[in-house]
There are 2 protein chains.
Amino acid sequence: MAVTSTAEQGRTFIDEGDPADHFFNITSGTARLFKSLPDGRRQITGFAGRGHFLGLAVSNSYAFSAEAIEPVQYCRFSRAKLRMMLDDFPALEKRLLDVASNELVAAQEQMLLLGRKTARERVASFLLARRLESAACVSPAVHVHLPMTRSDIADYLGLTIETVSRTLTGLKADKLIGIPHPSEIIILNHQGLTAQAGGH
Amino acid sequence: MAVTSTAEQGRTFIDEGDPADHFFNITSGTARLFKSLPDGRRQITGFAGRGHFLGLAVSNSYAFSAEAIEPVQYCRFSRAKLRMMLDDFPALEKRLLDVASNELVAAQEQMLLLGRKTARERVASFLLARRLESAACVSPAVHVHLPMTRSDIADYLGLTIETVSRTLTGLKADKLIGIPHPSEIIILNHQGLTAQAGGH
DNA sequence: GAACGCATTTGACGCAAATCAATCAGGCAA
DNA sequence: TTGCCTGATTGATTTGCGTCAAATGCGTTC
């Protein structure tokens, strides 16, 4: 009923359009969630980490795909099982509603970013959001780890790889961030970066 | 506790950032839901019609504003009242979870549109989505009514008024749609329009 | 029906980001 | 160490859409 599995790096464990008969809970690692157009264009709708629930869809097919960026461990239930659990533990339903509400708020914020922000604002917003997420981990936390590639960041922010790279270089030139390694960013001027993020 | 009110056209009845102490259910009319940046840029995250729930946020302030496009009638509860109702009627919680899940799917589709589709694909997608929504009403339903202004459409699709107008004119020139009136669109070639929408 | 105001359309031009094209840097196997 | 492969950066050029500006159409009031 509830199976624990691992998806190695790069493995797609949810396919957009497939019958949605399972519900997932990620226990470790990071996955990218995305939708694709027939010609290959891709929009990453979010990154899912530890504790994230996937597969809430009401419809009978998944609305997005999920792929492991780092090795991902997850717990998988059949939807029938989920329904039983929801009946047995009403508190779980409350929890899922909270989760969905929060994701909705995040999605609306992302729509603002995709529809109305400039490239620089998008990248700055992204770094600040990443910092918040990982705040629980390292103490200084001006240190932001990016487990995903430039291609992932571009597809998340509605930009191209080149623009993401150029924008990061630009922020570095303005002494707002440091880039010791492509996947490690240091926020040197938090206030300045916030000002570049569209001041929201 | 539960108050029925009316917001005349143009009236803002939810303000982004205000304390979120109420929960709304629209009983008639249409509202635009949007987020704004300090400099005035605006992203409409959706249009809410009859039956739509608003104010699900977990946080203590509204994540978006709501403004009446047409006169809007709504029912308003305090969040305390909502909590009581949720305790009394577990089915309501299920319903809200379904609603939130559906909105999440729609939000992801909109992210794909905003992040990766061209102007023409956005407008075509928008018209087709509008047609689906109003499908329940008129029978032929090739007739799409747009209660919102070009400015609203632009802010929903992440474009400018001018681009929306030019794109509609272009679709008309290609005999895919007819525009008897700015707020009335006729879909002349459904299949052709679908092909222009990014084939999704 | 004349005159005003607002939304929409149309036109000319500019620019931010995309595209096309090398080049560079780091990890890994031989 | 050398060479290769993959991902990131940097550079040159193009372009789709935004900006600025003017014209058109339509509903409303006088």
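I will try to describe carefully the structure that is included in this document.

All right, on to the interface of chain A and chain B then. Each partner contributes to the interface: chain A provides 45 residues, whereas chain B provides 46 residues. Together chain A and chain B conceal approximately 4100 Å² of surface at their shared face, both sides included; 64% is due to carbon and sulfur atoms. In terms of surface lost to chain B, no three residues of chain A exceed Leu97, Met111 and Arg116 of chain A, which account for 18% of the buried area on that side. One can count 10 salt bridges joining chain A with chain B. Salt-bridge contacts for lysine 35 of chain B lead to glutamate 109 of chain A; the nearest nitrogen and oxygen are separated by 3.1 Å. At the surface where chain A touches chain B, the tally comes to 20 residue pairs in polar contact (both at pLDDT 80 or more). Within the residue set of the side of chain A that touches chain B, elements represented by two or more residues are β4 (31-36), β5 (42-48), α2 (90-116) and α4 (150-157) of chain A. If one sorts the elements of the side of chain A that touches chain B by residue count, α2 of chain A sits on top with 21 residues.

Residue and element names in this part refer to chain A. Spatially, four strands are ordered β2-β7-β4-β5 in an open sheet, and the strand pairing comes out antiparallel. Either end of the sheet is taken by a strand with one partner, and the two such strands are β2 (12-14) and β5. Along the sheet, successive strands turn relative to each other by an average axial angle of 35°, direction set aside. By the bridge criterion, two bridges tie β2 to strand β7 (residues 65-68) in an arrangement that is antiparallel. In the sheet register, isoleucine 14 faces β7, and the bridge partner there is alanine 66. Each of β4 and β5 is contacted by α4, which is oriented at about 105° to β5, the strand it contacts most.

Cut-offs and rules
- Residues numbered from 1 in each chain as written.
- Chains lettered and ligands numbered in written order.
- Predicted model: local features only at pLDDT ≥ 70, side-chain atom pairs only at ≥ 80, totals over all residues.
- Heavy atoms only, no water.
- Contact = heavy atoms within 4.5 Å.
- Buried area = accessible area lost by both parts, 1.4 Å probe.
- Salt bridge = Lys/Arg side-chain N within 4 Å of Asp/Glu carboxyl O.
- Polar contact = N/O pair within 3.5 Å; in protein donor to acceptor, adjacent residues only side chain to side chain.
- Helix = DSSP H or I, 4+ residues; strand = E, 2+ residues; numbered from the N terminus.
- Pairing = 2+ DSSP bridges.
- Axes fitted to C-alpha atoms, helices over the stretch in contact; angles between N-to-C directions.

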